[in-house]
Amino acid sequence: RRPPAMADRPAADGPVIRFRNYQPKSEELQGLEVEKPKVPSVEEQVGASEAVHEDATQEPLLNLAPKKINWDLKRDLEPQMKKLRSMTDRAIIELIRKRVESEEGAQQQQQQQ
């Protein structure tokens, strides 16, 4: 389609001029503007979504933020925490073992007396 301002000119094999962001001052170029697309506002998009949620945590706008803020810290520290947990478990077992040995030693001394 040719704009009405250019209708009286013969069609050329060259490129067709279309202005997206520029508003030409010349009257013969006035019809070459491309219509700007209509961008819906956020209010229209949110209003158009008719998702009704009973739970406030399931609201679409509230789900933008992650549920747990420190999930990446937990992920990065997990290998170190695993190693620390195993060392802690070993230390607890050793303390229990020493306590049992001392109690058995105390019982044996009482039996001997």
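Predicted model only: the values in this text are computed from it and were never measured.

Cut-offs applied
Starting from 1, residues in each chain are numbered consecutively following that chain's sequence as written. Per-residue local features are limited, in this predicted model, to residues with pLDDT of at least 70; the limit for side-chain atom pairs, both in listing and counting, is 80 or more; totals at the level of whole chains, interfaces and linings are taken over all residues. For the side-chain quantities, the full set of heavy atoms in the structure was used; hydrogens and water were omitted. Put simply, DSSP H or I for four residues or longer makes a helix, DSSP E for two residues or longer makes a strand, and each gets a number counted from the N terminus. Partly exposed residues are those whose accessible area sits between 20% and 50% of the maximum for their type, while under 20% is buried and over 50% is exposed, using a 1.4 Å probe and protein chains only. Throughout, a contact is declared for two residues whenever any of their heavy atoms are within 4.5 Å. Note on areas: Shrake-Rupley with a 1.4 Å probe; residue coverage comes only from the protein chains shown. Here, expected helix span is obtained from the residue count minus one, scaled by 1.5 Å. To get the bend at any residue, fit one axis to the seven residues that end at it and another to the seven that begin at it, then take the angle between the two axes. Candidate patch residues must exceed 30% relative accessible area and have no salt bridge, after which like charges are joined if within 9 Å and Val, Leu, Ile, Met, Phe, Trp or Tyr side chains if within 5 Å. Salt-bridge detection follows one rule: a side-chain nitrogen of Lys or Arg within 4 Å of a carboxyl oxygen of Asp or Glu.

Draft legend 1. Fine view of the overall build of the protein chain. Of the regular secondary structure elements, the protein chain holds two helices and zero strands. Taking all 113 residues of the protein chain together, the buried fraction comes to 4%. Here the analysis covers contacts within the protein chain between residues at least 6 apart in sequence; of these, 10% occur between residues at least 24 apart. Taken as a whole, the protein chain presents about 11200 Å² of accessible surface, with 55% of it coming from carbon and sulfur.

Draft legend 2. Representation of the environment of Val16. Note that Val16 resides in the segment before α1 (42–48). The class for Val16 is exposed, based on a relative accessible area of 60%. Separated by 16 residues in the primary sequence, Val16 and Leu32 place their C-alpha atoms 9.0 Å from one another.

Draft legend 3. Local environment of helix α2 (residues 71–112). The end-to-end C-alpha separation of α2 is 59 Å, in line with the 62 Å expected for 42 residues at 1.5 Å each. Of all bends in α2, the biggest is about 50 degrees, found at Glu78, and the proline Pro79 comes one to four residues later.

Draft legend 4. Structural detail: a nonpolar patch on the surface. On the surface, Leu77, Met81 and Leu84 cluster together into a nonpolar patch covering about 260 Å² of accessible area. Structurally, Leu84 is set in helix α2. The partly exposed category is assigned to Leu84, whose relative accessible area is 45%.

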